[in-house]
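Coordinates in review
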Amino acid sequence: MTGCTSKEKVDNFKIDIPQRSNQAKALKVKSIGKITTPTETPKKNQFLKLETSTDLQSSGTFGKSDPFSEYSDSSSGILSPSLKLKGIIATEKKKFALVEYRKRSGSLEEGQIGGKTTQLLPMGVKVKRIDVANQNVTLSLKGKQYQLSYSY
C-alpha cells in the first residue's frame, strides 16, 4: 500500500479468508405430518349486488358533467347564498339583473345560460325572465323554475 507521504513505507497485511469446505453439510428436515385441507361446504356468494350506472344516473343528479369546471351542475346550488340579486335595471328595450355569484359581479339578460354565455350563474341555469314590477328573476334548470329575489 502506498500513501501520500514522501517516505516510502511498505506494510504487509495478512488477510485471512476462510476456505469453504468441499463437503456439503446435510440439512436435517423434520417431518411434521401430512398437510390436510378442511372439508367445508363452499359458501354461497353473500355480496350485495351494486346498482348499475344506469340505475345511479336515473336516481338523481349530482356532481359535475365537466370535472374541471369550477361550477356545479346540481340544482341544489341554484339558490345558494353564493348567488345574490343586487338590483334590476330596465330600459325601454332591455332588462338587466345585477347579480353576484362566487365573488364575481355583473349583469344578466334574459336568455343567458350559466357556463355557456355567462359565468355569473351555476352551470346550465338559464335566465328565463327578469320581472321589474316584482323585483325578481326567474331561473330555470332542466324544466324546473326558481325565483331569485333580493337577499338582505
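In case you missed it, the structure is sitting above this.
First things first, this report covers the structure right here in the doc. Because the structure is predicted, anything quoted here is derived from the model rather than measured.

Some words on the overall build of the protein chain
Within the protein chain one finds one helix and six strands. Classification of the 152 residues of the protein chain by burial places 22% in the buried group. Sequence separation of at least 24 residues holds for 31% of the intrachain contacts in the protein chain that already meet a minimum separation of 6. When the accessible area of the protein chain is evaluated, it comes to approximately 13500 Å², of which 53% is carbon and sulfur surface.

Remarks on the pairing of strand E3 (residues 104-108)
When strand E2 (residues 95-101) meets E3, the two strands line up antiparallel, connected through five bridges. Paired with Glu-100 across the strands is Ser-105, a residue of E3. Where E2 hands over to E3, the hairpin turn is made up of two residues, of which Arg-102 adopts a positive phi near 50°.

Some words on the pattern of salt bridges
What the rule picks out here adds up to three salt bridges. Close ionic contact of Glu-109 with Lys-94 constitutes a salt bridge, the shortest N to O distance being 3.6 Å. Here Glu-109 is found in the loop between E3 and strand E4 (126-131), whereas its partner Lys-94 is found in the loop between strand E1 (83-90) and E2, with 15 residues between them in sequence. Between Arg-129 and Asp-131 there is a salt bridge whose closest N-O contact spans 3.7 Å. On the basis of relative accessibility, which here comes to 44%, the residue Arg-129 falls in the partly exposed class.

Examining the environment of Lys-103
In this structure, Lys-103 sits in the loop between E2 and E3. Overall, the relative accessible area of 84% leaves Lys-103 in the exposed class. Along the backbone, Lys-103 and Leu-120 are 17 residues apart, and their C-alpha atoms lie at a distance of 9.4 Å.

Overview of the pairing of E1
By the bridge criterion, seven bridges tie E1 to E2 in an arrangement that is antiparallel. When the sheet's bridge partners are listed, Ala-90 is paired in E2 with Lys-95. A loop of four residues connects E1 with E2, the two strands running antiparallel in sequence.

Rules and cut-offs
Residue numbering note: each chain is counted from 1, following its sequence as written. This being a predicted model, a pLDDT of at least 70 is required before a residue's local features are given, and a value of 80 or more before pairs of side-chain atoms are given or counted; all residues contribute to the totals for chains, interfaces and linings. Only heavy atoms go into the side-chain values, all of them from the structure, while hydrogens and water stay out. The helix count covers DSSP runs of H or I at least four residues long, the strand count covers runs of E at least two residues long, and both are numbered beginning at the N terminus. Here's how the labels work: a residue is buried when its accessible area is under 20% of the maximum for its type, exposed when over 50%, partly exposed in between, all with a 1.4 Å probe on protein chains only. Here, two residues are considered to be in contact whenever any of their heavy atoms come within 4.5 Å of each other. Using a 1.4 Å probe, accessible areas were evaluated by the Shrake-Rupley method; residue-level cover was limited to the displayed protein chains. When DSSP finds two or more bridges between two strands, those strands count as paired. A side-chain nitrogen of Lys or Arg and a carboxyl oxygen of Asp or Glu constitute a salt bridge if their distance falls within 4 Å.

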